[in-house]
Amino acid sequence: MKIIYYTSGITGWGRVVRGISVANALKRKGINGDFTIISSIQPVFQFEEINHIVIPFEHENILFGKECRNSVLYKTLKKLKPDVILFDLIWYMTYNFIQDFDCKKILLCRQVSDQYFSIPLPGQKLVFNPNHFDIIFATEPFKSVINMQQLNPIIVRNKDEIYSHDIALQKLGIKNNKPICLLAYNGEPGEYKAIKKKYSYLEEAEYQMLYSTNYSGKSYFPIADYFNAFDFIISGAGYNAFWEIIYFNKEAVFEPVPRHFEDQYWRVQNCQEYYFEENGADQLVDVILKL
């Protein structure tokens, strides 16, 4: 079975992480099928045994015009001949040619505003067509104008796959007995510095601080591997960071920031007590195997 996970990734590689989560779930199920991630970002880290194709982010005149079938995206999908395509959020990029592909199509949608499903373009408007997809999954518990089936949040690791407390400390090079606070933030330039400054007082308090960011200093991937080492976490409220902390039941404080179409404040206010046991990536693979 050939499975494609397609996302843009232009605003960060967090979306690619969800593709890695699916790959890990397939591996747990013993599925040796052909799995490929397609995105428009060069990842910061190498992914073991995962095929990742980086394509250019193409202009709307190409994807939404008469020449859409000459696009790199179209040609890449045609070449791969998928049995299943998993679309992470971006329903609109294949809007004009999705019906060319005789395969199962699944849309994975985190929390977005209803405006996300109507895209104004010069001379036209793209309106979401649910008939383009066999299944539409909400990957967190939000309400939408679009009818979606519910899937648990997609997590990069299962609870029994991360390092033990002692091994995590060893890999991090931490030897003293002070409580450890992780400040982990991947976001827009300037946000990390502001949040680090806000919590700078902790460096002189009872905590030993560990910092992880995609903009400066050292970054750990996946950071969830080291969660058993941390007594407290300061984190952004993007999808991956938030749901990893909830899934692993870590004590944390979240720093939501404004984002286009996404409401991180909603996530913090409404989902901190939304507990679940089964990884949504495992649920998704079960669905795929029944298609």
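It should be emphasised that the depicted structure is a prediction, and the values quoted were computed from it without experimental measurement. (Residues numbered from 1 in each chain as written. Predicted model: local features only at pLDDT ≥ 70, side-chain atom pairs only at ≥ 80, totals over all residues. Heavy atoms only, no water.)

Participant: What's the story with the overall build of the protein chain in this structure? I'm lost.
Facilitator: Per the secondary structure count, the protein chain includes 8 helices and 13 strands. Taking 291 residues into account, the globule formula puts the C-alpha radius of gyration at 19 Å, and the protein chain, at 20 Å, falls close to it. With the C-alpha coordinates aligned to their principal axes, the bounding extent of the protein chain is approximately 60 × 40 × 30 Å. Residue burial in the protein chain is summarised as follows: out of 291 residues, 54% are buried. Looking at charge distribution, the protein chain has the averaged site of its 31 positive side-chain charges lying 5 Å from that of its 33 negative ones. (Helix = DSSP H or I, 4+ residues; strand = E, 2+ residues; numbered from the N terminus. Rg over C-alpha atoms; globule rule 2.2 N^0.38 Å. Buried < 20%, exposed > 50% of the residue type's maximum accessible area, 1.4 Å probe, protein only. Lys, Arg positive; Asp, Glu negative; His and termini not counted. Charge placed at Lys NZ, Arg CZ, Asp CG, Glu CD.)

Participant: Help me understand the sheet that holds strand E1 (residues 2-6) in this model?
Facilitator: Adjacent strands of a sheet pair through backbone hydrogen bonds, lying either parallel or antiparallel. The 7 strands are arranged E3-E2-E1-E4-E5-E8-E9 in an open sheet whose pairing can be described as parallel. The outermost strands of the open sheet, each flanked by one partner alone, are strand E3 (51-54) and strand E9 (149-150). Pairing of strand E4 (residues 84-88) with strand E5 (residues 104-109) involves 5 bridges; the strand directions are parallel. What sits directly across from Val 84, in E5, is Lys 104. (Pairing = 2+ DSSP bridges.)

Participant: Would you take a moment to explain the sheet that holds strand E12 (residues 232-236) for this structure?
Facilitator: If you trace the 4 strands from one edge of the open sheet to the other, you get E11-E10-E12-E13, paired in parallel fashion. A single partner strand is all that each edge strand has here, and the edge strands are strand E11 (208-213) and strand E13 (252-255). Here the strands of the sheet are splayed against their neighbours by 15° on average, with no regard to which way each runs. The pairing of E12 with E13 spans 4 bridges and is classified as parallel. Residue Gly 236 lies in a different strand from E13, and its bridge partner there is Glu 255. Where helix H5 (residues 191-198) meets the sheet, it contacts strand E10 (180-185), E11, E12 and E13, and its direction lies at approximately 155° from that of E10. (Axes fitted to C-alpha atoms, helices over the stretch in contact; angles between N-to-C directions. Contact = heavy atoms within 4.5 Å.)

Participant: Would you mind showing me how to read the nonpolar core here?
Facilitator: Burial of nonpolar side chains together is a common tendency in soluble globular proteins. Core analysis: the largest hydrophobic core is formed by 95 residues, its most contacted members being Leu 86, Trp 91, Phe 227 and Phe 230. Sorting elements by how many residues they give to this core places helix H1 (residues 14-28) first, with 7 residues. What Phe 227 contacts, discounting residues up to four positions off in sequence, is Ile 162, Leu 182, Ile 233, Glu 244, Ile 245, Phe 248 and Lys 250. Counting 13 residues, the second-largest nonpolar core is a separate cluster that includes Leu 183, Tyr 192, Met 209 and Phe 232. (Core = buried A, V, L, I, M, F, W, Y, C linked by side-chain atoms within 4.5 Å.)

Participant: When you look at the packing of aromatic side chains in this model, what are you seeing that I'm missing?
Facilitator: Each pair of aromatic rings is reported with the distance of its centres and the angle of its planes. Applying the stated rule across the entire model yields 26 aromatic pairs. Ring geometry for Trp 91 versus Tyr 92: centroids 5.5 Å apart, planes at 85°, classification edge-to-face. For the pair Trp 91 and Tyr 92, a shared accessibility class is recorded, and that class is buried. Plain terms: the ring middles of Tyr 116 and Phe 261 are 5.2 Å apart, the flat faces sit at 75° to each other, and that makes the pair edge-to-face. In this pair, Tyr 116 is assigned in the loop between E5 and strand E6 (118-121) and Phe 261 in the loop between E13 and helix H7 (264-270), connecting sequence segments 145 residues apart. According to the relative accessible area criterion, Tyr 116 is buried, its value standing at 5%. Relative accessible area serves as the criterion here: at 25%, Phe 261 is assigned to the partly exposed category. Site record: aromatic cluster; members linked through ring pairs are Tyr 6, Phe 87, Trp 91, Tyr 92, Tyr 95, Tyr 116, Phe 117, Phe 128, Phe 133 and Phe 261. (Phe/Tyr/Trp six-rings, centres within 6.5 Å; stacked < 30°, edge-to-face > 60°.)

Participant: Hey, could you run me through the pattern of salt bridges in this one?
Facilitator: Pairs can form between side chains of opposite charge whenever their charged atoms are close. Summed over all chains, the structure comprises 12 salt bridges. Residue Arg 28 pairs with Glu 161 through a salt bridge whose shortest N-O separation is 3.0 Å. Placement of Arg 28 in helix H1 and of Glu 161 in the loop between E9 and helix H4 (165-172) is noted, with a sequence separation of 133 residues between them. Assessed through its relative accessible area of 28%, Arg 28 is described here as partly exposed. Between Asp 286 and Lys 29 there is a salt bridge whose closest N-O contact spans 2.8 Å. (Salt bridge = Lys/Arg side-chain N within 4 Å of Asp/Glu carboxyl O.)

Participant: Explanation requested: unusual backbone geometry in the structure shown.
Facilitator: Note: most residues except glycine have negative phi, and most peptide bonds are trans. With an omega of -15°, the peptide bond between Phe 221 and Pro 222 qualifies as cis. Checked against the element boundaries, Pro 222 lands in the loop between E11 and E12. Not every positive phi belongs to a glycine, and Lys 81 is a case in point at roughly 50°. For Lys 81, the position within the fold is in the loop between helix H3 (72-80) and E4.

Participant: Teacher, can you tell me more about the environment of Ile 20 here?
Facilitator: Looking at the element boundaries, Ile 20 is found in helix H1. Put simply, Ile 20 and Ile 146 are 126 residues apart on the chain and 26 Å apart in space, counted from C-alpha to C-alpha.

Participant: Sorry, what's going on with H3 here?
Facilitator: Structural remark: α-helix, 3.6 residues per turn; residues separated by three or four positions point the same way. What H3 keeps buried is the set Leu 73, Tyr 74, Thr 76, Leu 77 and Leu 80. Axial view of H3: buried residues confined to an arc of 165°, hence all on one face. The secondary structure elements touched by the buried residues of H3 are E1, strand E2 (34-39), E3, helix H2 (60-63) and E4. One or two steps after H3, the chain reaches Lys 81, where phi turns positive at roughly 50°. (Arc of directions from axis to C-beta.)

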